[in-house]
Amino acid sequence: MIELIPAIDIIDGQCVRLTKGDYDAKTVYSSDPAEVAAEFERLGFTRLHVVDLDGAKSHHIVNTGVLRRITESTHLTIDFGGGIKSSEDIETAFRCGASMVTIGSVAVTCPDLFLSWLSQYGSDRIILGADVRHGMVSINGWKEDSTQPLLPFLKRYIDHGVKNVLCTEISKDGTLNGPAIALYDEIMRAYPTLHLIASGGVSSEEDILELERHGIPAVVFGKAWYEGHINISKII
């Protein structure tokens, strides 16, 4: 069964969603992300993806207080990303209760540092973030496109032991236009044992079921949930 991972994105301590990573296209869904997380737990979810969008923009973790409130008020397994650029950032995330961290930009700009974290914390706690636009990996809160094509980027780190990859197709994110299934099929054909987490474009529970039919191991969803397009009884 596909792993279901609701998402909470944070700006100024609020639960928000962007469209295609555009900070000017922001919708606020709640002023209390910890209460949103508690509701996910009450509904039966066990995992949560938390993104510090302020951190991604500022190049260091910002919303530590929100992360701590979520981890202290729920039993959810939290993976946290956004703004992790230093060993201090990663230690802060774990100290505030995150079970895993998602790291993307550092894997592009400082590969030796990423590999040192992978060695230190292990592949069960480090998720490789591979956010892609026009086939190239994007970095720094999706503000910059690197010169690294997706599949060779993944291969490098899978060869070094990465097991978990969160892949967002940026052109799909927040659009409710359906996930990039062809992209995820391509990744799974190349790396069939990878625990791939699909992200971006989910518009309904049917999209989630379609990802499951294609053998995608996990999915992150946000806007479709907040706007009432997902029927919980059909996916849990």
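Values in this document were obtained by computation on a predicted structure and should not be read as measured data.

### Let's talk about the packing of helix H7 (residues 150-158) against helix H8 (residues 181-190)
Direction vectors running N to C along H7 and H8 enclose 40°, while the axes themselves pass 11 Å from each other. Here H7 lies oblique to H8, going by the angle between them. Crossing hand, H7 versus H8: right-handed. Residues Leu150, Leu151 and Leu154 of H7 form the contact with H8, whose participating residues are Leu183, Glu186 and Ile187.

### Topic: the packing of helix H1 (residues 33-43) against helix H3 (residues 64-73)
The geometry of H1 relative to H3 is characterised by a closest axis approach of 9 Å and an angle of 30° between their N-to-C directions. One finds that H1 runs roughly parallel with respect to H3. Handedness of the crossing formed by H1 with H3: right-handed. Contacts from Pro33, Ala34, Ala37 and Glu41 of H1 reach H3 at Val66, Arg69, Ile70 and Ser73. Its residues placed into classes, the contact of H1 with H3 shows five nonpolar, one polar and two charged.

### A word on unusual backbone geometry
Even without glycine at this site, Asp12 takes up a positive phi of about 55°. In this structure, Leu176 is a non-glycine residue whose phi angle is positive, near 60°. Its place among the elements puts Leu176 in the loop between strand S10 (164-169) and H8.

### Some details on the pairing of strand S12 (residues 218-221)
Each regular strand shows side chains that alternate between the opposite faces of the sheet. Both faces of S12 are covered, namely the face carrying Ala218 and Val220 and the face carrying Val219 and Phe221. Relative to S12, strand S1 (residues 3-11) is paired through four bridges, and the arrangement is parallel. In the strand pairing of S12, Ile5 is matched with Val220. One ladder, built from three bridges, connects strand S11 (residues 195-199) with S12; its direction is parallel. Following the sheet pairing, Ile197 is matched in S12 by Ala218. What joins S11 to S12 is helix H9 (residues 205-213), and the crossover it makes is right-handed.

Procedures and definitions
Residues numbered from 1 in each chain as written. Predicted model: local features only at pLDDT ≥ 70, side-chain atom pairs only at ≥ 80, totals over all residues. Heavy atoms only, no water. Axes fitted to C-alpha atoms, helices over the stretch in contact; angles between N-to-C directions. Helix = DSSP H or I, 4+ residues; strand = E, 2+ residues; numbered from the N terminus. Parallel < 35°, antiparallel > 145°, perpendicular 65-115°, else oblique. Left-handed = near helix turned anticlockwise from the far one by under 90°. Contact = heavy atoms within 4.5 Å. Nonpolar A, V, L, I, M, F, W, Y, C, P; charged D, E, K, R; others polar. Buried < 20%, exposed > 50% of the residue type's maximum accessible area, 1.4 Å probe, protein only. Pairing = 2+ DSSP bridges. Right-handed = clockwise from strand over helix to strand, strands pointing away.

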